Amino acid sequence: MNRKISVIGAGNVGASCAQYLAEANLADVVMVDILEGMPQGKALDLTQAGPIRGYNCRVSGTNDYKDIKDSDLVVVTAGLARKPGMSREDLLKMNAEIVETAAKNIKKFAPKSFVVVVSNPLDIMTYHLQKVTGFPSNRVCGQAGVLDSTRFRTFVAMELGVAMADIQAMVLGGHGDTMVPLPRYTTVAGVPIGELIDKDRIKEISERTRNGGGEIVKLLKTGSAYYAPAAATVQMVRSILTDEKRLVPASAFLTGQYGISDLYIGVPVVLGAGGVEKIIELKLNKSELSELQKSAETYKGVLKELGY
């Protein structure tokens with residue numbers, strides 16, 4: 001029997017996830033959405049691309065949560081997208097209800113699954129889903145750090161005119177304006193970017209990374225980014241399902257690491273068959289640690305609004 005991945009939410013991010021998952025031939029894919037016919041139509045369309053794109057997995061769409069039964073892994077993308085001028089936190093109450101419904105159904109129909117959360121505000125929704133499901137925290141993580149880091153990698157590559165694949169980057173903290181790009185841990189083929197780009201320019205690139213999602217929202221005018229978020233999500237899914245043990249930044253539950261407790265926030269983790277198998281504590285300098293803890297404080301305040 002094939003492995004099974006369910007994607008909750010068949011909008012732009014969810015459908016792009018389904019496409020990349022199918023093309024990776026990782027598992028059969030089920031897309032769930034409340035809009036009748038929409039996930040079924042997208043699934044049929046993706047299925048018909050299979051002979052050309054070279055995948056044999058089944059892609060199906062449904063409006064019924066029972067079809068996620070026995071999923072090995074669930075990706076939660078459901079929620080409202082940001083509109084221009086709207087912060088991720090503005091989405092809080094509306095998306096909390098949507099994620100809570102998803103969480104209850106995941107607990108009911110896929111109680112042994114791993115869950116990767118993509119819904120915004122990301123770190124808050126990941127915490128909320130983990131509390132509602134009651135799943136062990138290693139089985140629930142949030143996708144943000146991979147996306148933020150890949151944006152940083154992209155902007156560094158554009159600045160230097162070098163291959164994107166040669167750049168490794170690390171961005172920690174919450175998935176929002178308080179994220180913490182780490183230039184000290186960002187390299188081009190092993191060379192620290194501080195040796196290739198001057199300090200002021202690195203600051204500007206870091207700032208553009210912080211506003212990376214907002215920049216796309218402004219350009220699109222209706223909706224937000226989806227290709228890169230979906231690609232980042234699939235990298236995490238692959239690492240869990242194939243036990244790759246990739247070291248990536250992800251929203252994980254902290255129990256004292258970096259001086260932060262009882263909170264989901266972006267930190268370096270090892271993703272493998274056990275989900276979040278390890279949280280890596282980098283040796284941050286005072287400024288970096290202060291920024292990370294400040295980011296955490298922002299989210300602790302937001303969680304209170306949800307009654308935590």
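Keep in mind that this is a model prediction, so the values were computed, not measured.

Draft legend 1. Region of interest: the packing of aromatic side chains. Evaluation of the coordinates by the stated rule reveals four aromatic pairs. Considering the side-chain rings of Tyr127 and Phe253, the 6.4 Å spacing of their centres and the 40° angle between planes classify their relative orientation as tilted. Taken together, the residues span a long stretch of sequence, with Tyr127 in helix α4 (residues 122–133) and Phe253 in strand β12 (residues 246–255) at a distance of 126 residues. Arranged with centres 4.6 Å apart and planes meeting at 45°, the rings of Tyr226 and Tyr227 form a pair that is tilted.

Draft legend 2. Quick peek at the nonpolar core. Counting 85 residues, the largest nonpolar core has Ile5, Ile8, Leu73, Leu129 and Val237 as the members making the most contacts within it. Residues in contact with Ile8, not counting those within four places in the same chain, are Val32, Tyr65, Ile68, Val74, Val75, Val76, Thr77, Ala78 and Ala102. In this structure, Val156, Ala169, Val171 and Ile205 belong to the second largest nonpolar core, which totals 13 residues.

Draft legend 3. Focus on the pairing of strand β13 (residues 261–272). In terms of burial, β13 is a largely internal element, 10 of the 12 residues being buried. Alignment of β12 against β13, held across 10 bridges, turns out to be antiparallel. Within β13, the position partnered with Val248 by the bridge is Val269. The hairpin turn running from β12 into β13, its antiparallel successor, is five residues long, and Gly256 in that turn takes a positive phi close to 120°. Pairing analysis gives four bridges linking β13 to strand β14 (residues 275–279), with the strands arranged antiparallel. Bridge pairing links Leu271 to Val276 in β14. Here β13 folds back onto β14, and the loop between the two strands holds two residues.

Draft legend 4. The arrangement of the environment of Ile34 in detail. Along the chain, the position of Ile34 falls in the loop between β2 (28–32) and α2 (38–53). Judged by its relative accessible area of 79%, Ile34 is exposed. When the C-alpha atoms of Ile34 and Ser6 are compared, they prove to be 14 Å apart, with 28 residues separating the residues in sequence.

Draft legend 5. Quick peek at the packing of helix α3 (residues 92–109) against α4. For the pair α3 and α4, interaxial distance at closest approach is 9 Å and the crossing angle is 35°. Considering the relative orientation of α3 and α4, their crossing is right-handed. Touching Leu92, Asn95, Ala96, Val99, Glu100, Ala103, Lys104, Ile106 and Lys107 of α3 are Ile124, Met125, His128, Leu129, Val132 and Thr133, all from α4. Residues of the contact of α3 with α4, tallied by class, amount to nine nonpolar, three polar and three charged.

Draft legend 6. Molecular detail of the state of the cysteines. Taken as a whole and judged by the stated rule, the model has zero disulfides. This cysteine, Cys17, is not joined by any disulfide, and Cys141 carries the nearest cysteine sulfur, 13 Å off. Look at Cys141 and you get buried, because its relative accessible area is 3%.

Draft legend 7. Here's a closer look at the pattern of salt bridges. Evaluation of the coordinates by the stated rule reveals 14 salt bridges. Among the ionic pairs, Glu159 bridges to Arg201, the shortest N-O distance being 2.9 Å. Residue Glu159 is located in helix α5 (residues 145–160), and its partner Arg201 is located in helix α6 (residues 199–210); the two are separated by 42 residues in the primary sequence. The exposure class of Glu159 is partly exposed, given its relative accessible area of 32%. A salt bridge links Lys245 to Asp243, with the nearest nitrogen and oxygen atoms 2.9 Å apart.

Rules behind the numbers
- Residues numbered from 1 in each chain as written.
- Predicted model: local features only at pLDDT ≥ 70, side-chain atom pairs only at ≥ 80, totals over all residues.
- Heavy atoms only, no water.
- Phe/Tyr/Trp six-rings, centres within 6.5 Å; stacked < 30°, edge-to-face > 60°.
- Helix = DSSP H or I, 4+ residues; strand = E, 2+ residues; numbered from the N terminus.
- Core = buried A, V, L, I, M, F, W, Y, C linked by side-chain atoms within 4.5 Å.
- Buried < 20%, exposed > 50% of the residue type's maximum accessible area, 1.4 Å probe, protein only.
- Contact = heavy atoms within 4.5 Å.
- Pairing = 2+ DSSP bridges.
- Axes fitted to C-alpha atoms, helices over the stretch in contact; angles between N-to-C directions.
- Left-handed = near helix turned anticlockwise from the far one by under 90°.
- Nonpolar A, V, L, I, M, F, W, Y, C, P; charged D, E, K, R; others polar.
- Disulfide = S-S within 2.5 Å.
- Salt bridge = Lys/Arg side-chain N within 4 Å of Asp/Glu carboxyl O.

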